[in-house]
Amino acid sequence: MDRRLFLTGMLGFAATAAVASVVRPTNALAGVPGGNGILDELETSTPDFLDTELEASPELINHRPGHHRPRRRRRRVWRRVCRRYWRHGRRITRCYRTRVWVWLF
């Protein structure tokens with residue numbers, strides 16, 4: 001598992017280096033405008049709803065009106081089924097996998 005994580009990290013690092021070499025930082029910064037952008041517009045404008053003086057009161061909300069039971073869901077899973085029987089004086093066990101429905105809460 002450690003080798004797999006190490007190799008995955010090294011491949012990610014190599015891919016990042018390859019992308020960084022293709023897209024140069026100087027090319028990426030060429031499209032940035034000189035000013036602060038939208039921050040200048042936000043500083044100059046004042047919203048209309050802040051000009052009115054209204055009394056603000058908190059609204060009490062009951063988030064838990066009653067007991068809520070989580071929804072039951074069904075899911076198909078593999079189960080191991082073993083059958084034992086006698087054959088020629090010996091006990092034989094045969095196991096196989098079967099799909100069954102399981103309830104999840």
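The structure this text deals with has already been given above.
Residues numbered from 1 in each chain as written. Predicted model: local features only at pLDDT ≥ 70, side-chain atom pairs only at ≥ 80, totals over all residues. Heavy atoms only, no water.

Caption draft 1: Fine view of the overall build of the protein chain. Of regular secondary structure, the protein chain possesses 3 helices and 2 strands. In the protein chain, the succession of α and β elements from N to C terminus is α-α-α-β-β. When the 105 residues of the protein chain are sorted by exposure, 2% land in the buried category. In the protein chain, 38% of the contacts between residues at least 6 apart in sequence involve partners at least 24 apart. For the protein chain, the accessible surface area stands at approximately 11300 Å², while carbon and sulfur atoms represent 56% of it. (Helix = DSSP H or I, 4+ residues; strand = E, 2+ residues; numbered from the N terminus. Buried < 20%, exposed > 50% of the residue type's maximum accessible area, 1.4 Å probe, protein only. Contact = heavy atoms within 4.5 Å. Areas by Shrake-Rupley, 256 points an atom, 1.4 Å probe, with all protein chains shown as cover.)

Caption draft 2: How the structure looks around a positive patch on the surface. Taken together, Arg74, Arg76, Arg97 and Arg99 make up a surface patch of like positive charges. If you list the elements that add at least two residues to the positive patch, you get β1 (73-87) and β2 (90-104). Its relative accessible area of 55% is what places arginine 97 among the exposed residues. (Patch = residues over 30% accessible without salt bridge, like charges linked within 9 Å, V, L, I, M, F, W, Y side chains within 5 Å. Salt bridge = Lys/Arg side-chain N within 4 Å of Asp/Glu carboxyl O. Lys, Arg positive; Asp, Glu negative; His and termini not counted. Charge placed at Lys NZ, Arg CZ, Asp CG, Glu CD.)

Caption draft 3: Quick look at the state of the cysteines. Summed over the entire model, instances satisfying the criterion amount to 1 disulfide. Sulfur-sulfur distance for the disulfide between cysteine 82 and cysteine 95 comes to 2.1 Å. Judged by the torsion about the S-S bond (105°), the cysteine 82/cysteine 95 disulfide is right-handed. In this pair, cysteine 82 is assigned in strand β1 and cysteine 95 in strand β2, connecting sequence segments 13 residues apart. (Disulfide = S-S within 2.5 Å.)

Caption draft 4: Geometry of the packing of aromatic side chains. Applying the stated criterion to the full structure yields 0 aromatic pairs. The side chain of arginine 74 reaches across the aromatic face of tryptophan 103, ending 5.7 Å from its centre. Over the face of the ring belonging to tryptophan 78 we find arginine 97, whose NZ or CZ atom lies 4.4 Å from the ring centre. (Phe/Tyr/Trp six-rings, centres within 6.5 Å; stacked < 30°, edge-to-face > 60°. Lys NZ or Arg CZ within 6 Å of the ring centre and 35° of its normal.)

Caption draft 5: Spatial organisation of unusual backbone geometry. Even without being glycine, histidine 88 reaches a positive phi, approximately 55°. Structurally, the position occupied by histidine 88 is in the loop between β1 and β2. Of the residues examined, histidine 88 reaches a relative accessible area of 76% and is grouped as exposed.

Caption draft 6: Just the pairing of β1, in detail. Two elements, β1 and β2, share 15 bridges in a ladder whose sense is antiparallel. Along β2, the bridge assignment pairs arginine 74 with tryptophan 103. (Pairing = 2+ DSSP bridges.)

Caption draft 7: Main features of the environment of cysteine 82. Looking at cysteine 82, the relative accessible area reads 37%, which means it is partly exposed. On a C-alpha basis, the gap between cysteine 82 and tyrosine 96 in space is 6.4 Å, while along the polypeptide they are 14 residues apart.

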